[in-house]
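Chain and residue survey
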Amino acid sequence: MKLQPVLPGQLPVLLGELRRHYGAPQFPPARGAFQLVLWENACYLLPDERRAQVFEGLRAQVGLSAEAIWKAPKELLLPLAKLGGMRPETRVFRWQESARITLTQFDGDLEQILAWPHPKAMKALKLFPTIGDPGAAKILLLCGMAAGLPLESNGLRVLTRIGYGRVHLKNYGAMYHSVQEAIAPELPEGATALAEAHVLLREHGKSLCKTSGPACGECPVAGNCKFAA
Ligand code: SF4
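From a predicted model like this one, the values you see are computed outputs, not experimental measurements. (Residues numbered from 1 in each chain as written. Predicted model: local features only at pLDDT ≥ 70, side-chain atom pairs only at ≥ 80, totals over all residues.)

Side note on the site of the ligand
Inspection of the region around the ligand gives 14 residues, with C209, C216, C219, C225 and A228 positioned closest. Classifying every residue of the shell around the ligand by side-chain character gives 13 nonpolar, no polar and 1 charged. (Near = placed C-beta within 6 Å. Nonpolar A, V, L, I, M, F, W, Y, C, P; charged D, E, K, R; others polar.)

Here it is, written out as structure tokens:
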């Protein structure tokens, strides 16, 4: 399905409306590349509050360094992983695999990739469990390395409904690329502004512009939304 294109230059206006509505974006408590890999793997299909609970549990009971995670006994990690939802054993494996990769392939210091060229840093992050292209780009963006606006499913849904790109029900990759192409000329500049845009679009998709039953009547950007029209 192809929606009518939005008016040129609307993205900064939409982001401004979302910021007014939701307030200053809340960034994850994770700092640096390794912590953000752990953050991504902290839970499965559960709200951010639970993700934060697991992450802070790791911080308090284990430590957030690769060495601390690697040396931690499974009996300590498993109860924390259970807080993170289904398949806790897989989560423990992913935490320790992330630690092992950091220790063996990055001399224990994953933060060194933040000084690398963006494509090389992306490739490094995709060695880690569950980290694909959008996840790697998001981690780098939250670490201050800007190269466009990575979108997760909520942000992508919001932008397609507003009218950016094309909806491909059976081809997520094609839909993702069409939205990226459409927003490219209107992106804010700099890592901080792009990271704020990522967080605001995700928040909007989770709060009002939900998959089924978007609350268009309460939406601050309904006046510029093709779906609502
Ligand atoms: S008007 Fe409705 S469909 Fe459009 S962005 Fe808002 S909630 Fe989503």
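Moving on, there is more to tell.
Structural notes on the nonpolar core
By size, the foremost hydrophobic cluster in this structure holds 59 residues, and its most contacted members are A33, V37, L38, L125, I139, L140 and L159. Structurally, this core is a two-domain feature, drawing no fewer than three residues from each of domain 1 (10-25 + 149-224) and domain 2 (33-142). When residues no more than four places from it in sequence are discounted, the contact partners of L159 are L151, Y164, G165, V179, I183 and L201. (Core = buried A, V, L, I, M, F, W, Y, C linked by C-beta atoms within 7 Å. Buried ≥ 20, exposed ≤ 12 C-beta atoms within 10 Å, placed from the backbone. Domains from an automatic or database assignment. Contact = placed C-beta atoms within 7 Å.)

Concerning the domain arrangement of the protein chain
One can read the domain layout of the protein chain as domain 1 (10-25 + 149-224) and domain 2 (33-142). Taken over C-alpha atoms, the centre of domain 1 sits 26 Å from the centre of domain 2. Taken together, the contact pairs 7 residues of domain 1 with 5 residues of domain 2. Here the residues of the side of domain 1 that touches domain 2 are counted per class, giving 5 nonpolar, 1 polar and 1 charged.

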